[in-house]
Amino acid sequence: MDSPPDHFDASGEMRDRLEKLSALRQAGVEPYPPRFSRDHTAAQVRSRVEAEGQVERVTVAGRLLAKRGSGGMTFAPLQDRSGQIQLVAQRDVVGEAAYAGFADLDRGDIVGASGPARKTRRGEPSVWLDSFRLLAKSLRPLPEKWHGLKDVETRYRQRYVDLIVNAESREVFLKRSRIISAVRRLLDADGYIEVETPTLQEIPGGGHARPFSTHHNALQHDLYLRIALELPLKRLIVGGLERVYEIGRNFRNEGIDRTHSPEFTTLECYHAFTDLSGMLDLTERIFTAAAEAAGTELEPEYEGERIDLRPPFQRRSMVDLVAEQTGRRLTGLELAGAYEELVEPGIVQPTFVTDYPVETSPLARRREDDPRFVERSELIIGGREYANAFTELTDPIDQRQRFEDQLAQKSAGFEEAHPFDEDFVRALEYGMPPSGGLGVGIDRLVMLLTGQAAIRDVILFPQLKKEQ
RNA sequence: GCCGGUGUAGCUCAGCGGUAGAGCAGCGGCCUUUUAAGCCGAUGGUCCGGGGUUCGAAUCCCCGCGCCGGCACCA
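For clarity, every value in this text was computed on a predicted model and none was experimentally measured.

A. Representation of the overall build of chain A. Each helix and strand counted, chain A has 14 helices and 20 strands in total. Projected onto its principal axes, the C-alpha positions of chain A cover 85 × 50 × 45 Å. Within chain A, the fraction of its 468 residues that count as buried is 49%. Of the contacts formed within chain A by residues at least 6 apart in sequence, a portion of 64% connects residues at least 24 apart. When the accessible surface of chain A is split by element, carbon and sulfur atoms take 48% of a total near 23300 Å².

What follows is the structure in structure tokens.
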């Protein structure tokens, strides 16, 4: 029953391991037992050994990363969630049969082990086995320990291997989790409630992007995967929830590159009775909290630049920025185009770029002193957009007009113009309190705070083409 | 979609017209304090896939696929 299926045998090493598996089963050893209890993690053993010198008996469990040593003594580092601890097996202690069994273990096997713990002569905290148990036989060889796994394609396609052997990779995803937790804690403490809104939508609104489309068979209609979280959340502000946020996945059917993934995570939050400036303050607090959670202090190094995240961030008018470059005070789509081409790529330190032309922002409130612009601001760092905030448009009459303008842009050839959302207008017609809204690109934030150049390196399972 | 790079043993890589290589891992033997790496020995390959040129192709040419980078797209 353990004869190797042919797709299995790439190396011969797998054959060897399968033979060991058979031998174990014949000897009555279950190579995949259902459970095992440990009482210490690797890190706990290490700190107890440091503190107490000698620890009576501990039970640890994890993955065997190597085996070395000689003759009657074998050393084997074991890795668990907390780190590594060395196992020491001595023939004189465990007996001939058990010692041979230990020597038969392979790199990559999951093992449970018990024994007293103390340092070796070389000072390495170790568990001196009195017994061990195989918890899962590993059939595939792990990448070499010294050079590790470098091949990026394998790292993405087989993230589990990457996580086993690359501590830096584990670190990135640990930090990602901590960053998101910190953001949640901050918003929760501010009285926001976390909500979940539909991923499948009839009208993919809240942004300008090509959506993925799908079809619901029972409902017999087409649906889109959301491209933004905005419109459902604002309906909740109409509903009186006053402070809501969602951290969720967006989907955009566009090109993939170092900073764009077809599915990516954003935070959006909406707050009644505040405005753009309130949301910019919140943005600064979110970035500060995230940086602290990532342990980067407030001055991470990113792509060769030291980024200064100490608030307040600079606030600059788009019109002024473009005028500095071109000598011309532009408006409308011409302004937005010049800004994106000439100004944005050159902004390195965190900068809130404010006063977007109304044409590019169909969901933001107009400035009272100049209705050609809206109360909107994007946070730019290193030439990239990290956050987008505005004073929300709450006037249903104006909102209807904006949607109509978008329809006009669409018929003029702008594919990604914002679709008309009649129900959203209806919601505004009930009355929405004056509010501020904010969106933050979580993946990019994690990239910044973990020093990763590619969005793929902060997404556990990035989309790749089909493996042949 | 376009341009460039790249794909060789489980991993990391060399080889770039003339019998497919190294280190590590794995396998067999010896070894009771190791920290990538003890010693000896024997192994291990659809050189990404398919065509072609050539006496001979991992190597040159064509087509295709994956990955990486850039551009386009992403206001």
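Having seen it, we continue.
B. Here's a closer look at the packing of aromatic side chains. A complete count under the given rule lists eight aromatic pairs for this structure. Centroid distance Phe 313 to Phe 352: 5.6 Å. Interplanar angle 40 degrees. Geometry classified as tilted. A residue pair is termed long-range when its members are at least 10 positions apart, and Phe 313 in the loop between β15 (305–306) and β16 (314–317) and Phe 352 in strand β17 (residues 351–357) qualify at 39 residues. A residue is classified by how much of its surface remains accessible, and Phe 313, at 5% relative accessible area, is buried. Where Tyr 339 meets Tyr 356, the ring centres are 6.3 Å apart and the plane angle is 70 degrees; that geometry is what we call edge-to-face. Linking Tyr 339 in helix α11 (residues 332–343) with Tyr 356 in strand β17, this pair joins segments that are 17 residues apart in sequence. Take Tyr 339 and Tyr 356: they sit in the same class, and that class is buried. Every member of this aromatic cluster is reached through a ring pair, and the members are Phe 287, Phe 313, Phe 352 and Tyr 386.

C. Expanded view of the packing of helix α7 (residues 167–189) against helix α14 (residues 442–450). It is at 10 Å that the axes of α7 and α14 come closest, and there the two elements cross at 120 degrees. By the angle between their directions, the pair α7 and α14 is classed as oblique. As for the relative orientation of α7 and α14, their crossing is right-handed in sense. Facing Val 172, Lys 175, Arg 176, Ile 179 and Ile 180 of α7, the residues of α14 in contact are Ile 442, Asp 443, Leu 445, Val 446, Leu 449 and Thr 450. Partitioning the contact of α7 with α14 into residue classes produces seven nonpolar, one polar and three charged.

D. A look at the protein's contact with RNA strand B. The local shell around RNA strand B holds 50 residues, among which Asp 92, Arg 122, Glu 153, Glu 340 and Phe 414 are the closest. The sugar and phosphate moieties of RNA strand B supply 60% of its atoms located within 4 Å of the protein. Glu 153 places a polar side-chain atom, nitrogen or oxygen, 2.2 Å from a sugar or linking oxygen of RNA strand B. Between a base oxygen of RNA strand B and a main-chain N or O atom of Gly 255, the distance comes to 3.4 Å. Elements with a minimum of two residues in the surface near RNA strand B: α1 (13–26), β2 (68–70), β3 (73–80), β4 (83–90) and α5 (152–157). Per-element tally for the surface near RNA strand B: the top contributor is α5, with four residues. Along the lines of polarity and charge, the residues of the surface near RNA strand B split into 12 nonpolar, 15 polar and 23 charged.

Basis of the calculations
- Residues numbered from 1 in each chain as written.
- Chains lettered and ligands numbered in written order.
- Predicted model: local features only at pLDDT ≥ 70, side-chain atom pairs only at ≥ 80, totals over all residues.
- Heavy atoms only, no water.
- Helix = DSSP H or I, 4+ residues; strand = E, 2+ residues; numbered from the N terminus.
- Buried < 20%, exposed > 50% of the residue type's maximum accessible area, 1.4 Å probe, protein only.
- Contact = heavy atoms within 4.5 Å.
- Areas by Shrake-Rupley, 256 points an atom, 1.4 Å probe, with all protein chains shown as cover.
- Phe/Tyr/Trp six-rings, centres within 6.5 Å; stacked < 30°, edge-to-face > 60°.
- Axes fitted to C-alpha atoms, helices over the stretch in contact; angles between N-to-C directions.
- Parallel < 35°, antiparallel > 145°, perpendicular 65-115°, else oblique.
- Left-handed = near helix turned anticlockwise from the far one by under 90°.
- Nonpolar A, V, L, I, M, F, W, Y, C, P; charged D, E, K, R; others polar.
- Near = heavy atom within 4 Å.
- Polar contact = N/O pair within 3.5 Å; in protein donor to acceptor, adjacent residues only side chain to side chain.

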